[in-house]
Structure formats: C-alpha cells, structure tokens
Amino acid sequence: MVDEVRVINNFLNMVKISSPSLNEREMADYLKKELSEMGLVVIEDNAGDKYGGNAGNIIAVLPAPGKKKLLFSAHMDTVVPCEKITPIVKDGVISSDGTSVLGADDKAGIAAIIEMIRDIKETNVEHPEIIAVFSIAEEIGLLGAQSLELDKYKPDYAFIIDSGGTPGTVVVQTPYSAKGEIKIIGKTAHAGLAPELGINALTVASHAITKIKLGRIDSETTSNIGIVKGGSAVNIVMPEVSITYEARSFSGDKLKGLLKETMEIFEETAKSFGAKCEHQVSIGYSGYKIEEDSELLKILAKASEKAEIELKTVSSGGGCDANIYSGRGIPSINLGIGMSNVHTCNETIKIVDIVNCTKLISAIVKSV
Ligand SMILES: [Zn+2]
C-alpha cells in the first residue's frame, strides 16, 4: 500500500535539503542512505566529475532477472533561490515560506518513486526490474541524463516524473530544440570622422533579421532571438554584434530546415555588406512523440484503470530528461505530478497529487 504519511514526510525532508544544480551532494547522500536501507543496489556515476558538480547521478536497481526493465526518473537539482527552504503545509497544499522555491520540481517526483518502490517491496508482488535514476543538473541543460550510461541498464521504457498537470497527465509530445549564438563581424570606424570606413554589425544583423522567420512559424515550430549584445561607445561604428537564437519544432526535419535557412540568410546578408558571420547554433536535444497505439500508452491505460486515475495526454513546449532517453531510442514519457508555479517562490503542490502520482506509477509497475 502507498503510505500517504510516509511519502509526504519524505518529500518534506527532501525539500529542506538545498540542492542547486551541480551542488546536489547532500541530496545524493540522503538518497544513497535511504535507498541502501531499502535493500537496493545503489550506484553513483561520474556525471558530477564531468560537469564540475559535487555529486553524480544516483541509480538504484530493484532487480527482476528475465523481466521487463522500467526506468523511473526524477532530478535532484532545483532552481534557485533554494538555500534555505521552509515548507509550509496548509489545507492540503504545500508551499515554501515565500523566500525560496519549494523544489517540488522535482523532489515530488523523487518522493513518488521511492514510495512506489517501498510499496512494491512491501506488497511482495511480481514486478519488472525497476531502475530508479535521480539525475543531476537537469535544470541547466539535462546534463545528468546526457551522461547516464543507459547501455548498462538497457531499460525497455522510461517514465520521468517531472511535469505539471494533475496525476494522469501524460506528456506525449515535446519539441526538438536548438539554440546558440550568431555573431556578425563588421568593421570599426569613428562614427563622426569616417563612418564610411566602417561596417555597422547591427545594420547587417537588422537586415538579416527582417528576412528570417521569427515567432510562431507554424503549429509545430517556433523561433526567437532572446539576447542581442554589441557596441561599446556611441561614437564608434559597431564592429560586432552577438545574437542568441533558439528554435523549437515537434518535427526534427522542420527544425533542421529552419536552421539551415536562417543561417544562410545571416551568411548571405553579411557577405553582401562585406561583413562576416560566425554561428554555433545546434540541436541540443531531440523531441519525442508517443503514438496513441504504442505499447507505452497501453501500459499507462492499464495502470490508469487500476489506480482509477484518468489519463490526459498533452504536448509540452519544454524538454526534460525524457527527451534525452528518447533520443537514445528508449520509449520515454513525462508524467504530471501537479507541481505548479515552478521556478518561482510561489511554487506549490497538493498532497493529494503526490499521493495519486505515487499510486499511478505503482500501478504502472503492476501493469507490465
Ligand atoms: Zn523539473
């Protein structure tokens, strides 16, 4: 049985542990102790060393030789401010005291996974192999997931508990995402004495920007210029401008096409002004799309019936660790746990949502 008091107490303990990205040491130690005491094989990988963090991903395995392998994952890091988090429970809702985030993103996911494993062990049911992954540095670019040695564990499916929306919310589609910098290099000159000797990089960039596609391009694709930096003094022809650009699409091919077109426009415009263009814009992570008749959704449908929690499929504009695993060929999906106002000091989560998400993932394990 899912123990409602135990899962919430564990959640409250964990949010009090400060764990900004690349500083997850205390959280990793807490989990290692907790999971070892539960009798699981616990491993810490070297993801921290790779990225300059003080902890690696924590991986705990509940073996079931010859059975299907299910990966469940939530990330250990939270956004800031998270130095001192004081959770407040009122009318079934948990919030911070307003001076920090709560960190339900994603410690609610961790609490649910741990409680699910306890439930499976206590009820002594037949179960698939469970691989629990608690990743580092998700918030700064899915770094922990990227360095996870998936080949070691070979999961059949991955369930990431890292979405808003009440339990039963299933993110079946997320975009491919690209970002990076475009630099236009013009030529400096005194703006008053000899402007004709200069090439204003911003003028070049502006011409290009009027030609590229920005904003919502179609129902699947968006692009944006978020940061523009250039210039040092008002009497100097701006020699260089740097543009930070991002684009997303549910279609990988469309995204590739858009990047090619956009970079060509910048290059050609620069050339026509006698300027230069350098760019490093690349696809950071793959999107995923889970088809309606997929095995993964069949398992979820079965679990939803068992747990009496209705499924609601949605698409999301953001990425999470599921995008990384899915890019490596593992059918992966992100599940809602009701966290709301994430990445703000008004972040909250309902007790009932943590409990129901735990019941749903416990039912998933019993539905395979
Ligand atoms: Zn998250």
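Enquirer: Sorry, what's going on with the coordination of the zinc ion here?
Expert: Expected angles at a metal are 109.5 degrees for tetrahedral coordination by four donors and either 90 or 180 degrees for octahedral coordination by six donors. The protein atoms that coordinate the zinc ion are His75 (NE2), Asp105 (OD), Asp162 (OD) and Asp162 (OD), at distances spanning 1.9 to 2.8 Å. What the four donor atoms of the zinc ion show is an angle range of 51 to 143° at the metal, which sorts the shape as irregular. When its relative accessible area of 7% is taken as the criterion, Asp105 is described as buried. Overall, the relative accessible area of 10% leaves Asp162 in the buried class.

Enquirer: Help me out: how do you make sense of helix 9 (residues 295–307) in this one?
Expert: For an α-helix, 3.6 residues make a turn, and residues three or four places apart therefore share a direction. Here helix 9 contains 13 residues, and its C-alpha end-to-end distance of 18 Å stays within 8% of the 18 Å for a straight helix at 1.5 Å per residue. For helix 9, every residue scored as buried is listed here: Leu296, Leu297, Ile299, Leu300, Ala303, Ser304 and Ala307. End-on, the buried residues of helix 9 take up no more than an arc of 155°, which puts them together on one face. Looking at the buried positions of helix 9, the neighbouring elements they touch are strand 7 (157–163), strand 8 (169–174), strand 16 (332–336) and helix 11 (351–365). Remark: Glu308 follows helix 9 within two positions and exhibits a positive phi of approximately 55°.

Enquirer: Would you mind showing me how to read the side chain of Asn334 here?
Expert: Within the secondary structure, Asn334 is located in strand 16. According to the relative accessible area criterion, Asn334 is buried, its value standing at 6%. Engagement of the side chain of Asn334 in a polar contact is seen with the backbone nitrogen of Asp162, the distance being 3.0 Å. Asn334 has contacts with Ile160, Ile161, Asp162, Ser163, Thr169, Val170, Val171, Tyr288, Cys320 and Ala322, leaving out every residue within four places of it along the chain.

Enquirer: Help me understand helix 8 (residues 252–273) in this model?
Expert: Here helix 8 contains 22 residues, and its C-alpha end-to-end distance of 32 Å stays within 8% of the 32 Å for a straight helix at 1.5 Å per residue. Looking only at helix 8, the buried set comprises Gly252, Leu255, Leu258, Leu259, Thr262, Met263, Ile265, Phe266, Thr269 and Ala270. The buried side chains of helix 8 occupy one side of the element, clustering within an arc of 155° when seen end-on. Within helix 8, the exposed residues directed more than 90 degrees away from the buried face are Asp253, Lys256, Lys260, Glu268, Lys271 and Ser272. Those residues of helix 8 that are buried lie in contact with strand 9 (176–185), helix 7 (201–211), strand 10 (215–218), strand 11 (221–230), strand 12 (240–249) and strand 13 (276–285).

Enquirer: Quick question: what am I supposed to make of the sheet that holds strand 11 here?
Expert: Strand pairing in a sheet relies on backbone hydrogen bonds. The paired strands run either parallel or antiparallel. If you trace the five strands from one edge of the open sheet to the other, you get 10-11-12-9-13, paired in antiparallel fashion. Edge strands, defined here as strands with exactly one partner in the open sheet, are strand 10 and strand 13. Strand after strand, the sheet turns through a mean of 20° between neighbouring axes, direction not considered. The sheet contact formed by strand 11 and strand 12 spans nine bridges and is antiparallel. Bridge pairing in strand 12 places Thr221 opposite Ser249. Helix-sheet contacts for helix 7 involve strand 9, strand 11 and strand 12, and the interaxial angle to strand 12 is about 20°.

Enquirer: Can you help me understand the packing of aromatic side chains in this one?
Expert: Counted according to the given criterion, the structure contains one aromatic pair. For the ring pair Phe72 and Phe159, a centre distance of 5.1 Å and an interplane angle of 20° mean the geometry is stacked. Remark: Phe159 occurs in strand 7 and Phe72 occurs in strand 3 (residues 69–75); sequence separation between them is 87 residues. The exposure class assigned to Phe72 is buried, which follows from its relative accessible area of 0%.

Enquirer: Can you help me understand the packing of helix 4 (residues 104–123) against helix 11 in this one?
Expert: Helix packing geometry: the angle between the two helix axes and the distance between the axes. Following both chains from N to C, one finds helix 4 and helix 11 inclined at 50°, their axes separated by 9 Å at the closest point. In terms of orientation, helix 4 and helix 11 fall into the oblique class. Two packed elements cross with a definite hand, and for helix 4 against helix 11 that hand is right-handed. When helix 4 is examined against helix 11, the residues Ala108, Ala112, Ile113, Glu115, Met116, Asp119 and Ile120 are found in contact with a partner set consisting of Ile354, Cys357, Thr358, Ile361, Ser362 and Val365.

Enquirer: What is the right way to look at the pairing of strand 7 in this model?
Expert: Within a regular strand, side chains alternate between the sheet's two faces. When you tally the buried positions in strand 7, you get seven out of seven residues, the bulk of the element. Note: strand 3 against strand 7, four bridges, orientation parallel. Bridge pairing in strand 7 places Ser73 opposite Ile160.

Enquirer: Any chance you could explain the side chain of His75 here in plain terms?
Expert: One can find His75 in strand 3. Among the polar contacts listed, one links the side chain of His75 to the backbone oxygen of Asp77, at a separation of 2.8 Å. Looking at His75, its side chain comes within polar contact range of the side chain of Glu138, at 3.3 Å. With near-sequence residues (within four places) excluded, His75 lies in contact with Asp105, Asp106, Ile110, Ser135, Glu138, Glu139, Asp162 and Asp321.

Calculation criteria
- Residues numbered from 1 in each chain as written.
- Predicted model: local features only at pLDDT ≥ 70, side-chain atom pairs only at ≥ 80, totals over all residues.
- Heavy atoms only, no water.
- Donors = N, O, S within 2.8 Å, 3.2 Å for Na, K, Ca; no water.
- Tetrahedral: all angles 85-135°; square planar, octahedral: opposite > 155°, others 65-115°.
- Buried < 20%, exposed > 50% of the residue type's maximum accessible area, 1.4 Å probe, protein only.
- Helix = DSSP H or I, 4+ residues; strand = E, 2+ residues; numbered from the N terminus.
- Expected span 1.5 Å × (residues − 1).
- Arc of directions from axis to C-beta.
- Contact = heavy atoms within 4.5 Å.
- Polar contact = N/O pair within 3.5 Å; in protein donor to acceptor, adjacent residues only side chain to side chain.
- Pairing = 2+ DSSP bridges.
- Axes fitted to C-alpha atoms, helices over the stretch in contact; angles between N-to-C directions.
- Phe/Tyr/Trp six-rings, centres within 6.5 Å; stacked < 30°, edge-to-face > 60°.
- Parallel < 35°, antiparallel > 145°, perpendicular 65-115°, else oblique.
- Left-handed = near helix turned anticlockwise from the far one by under 90°.

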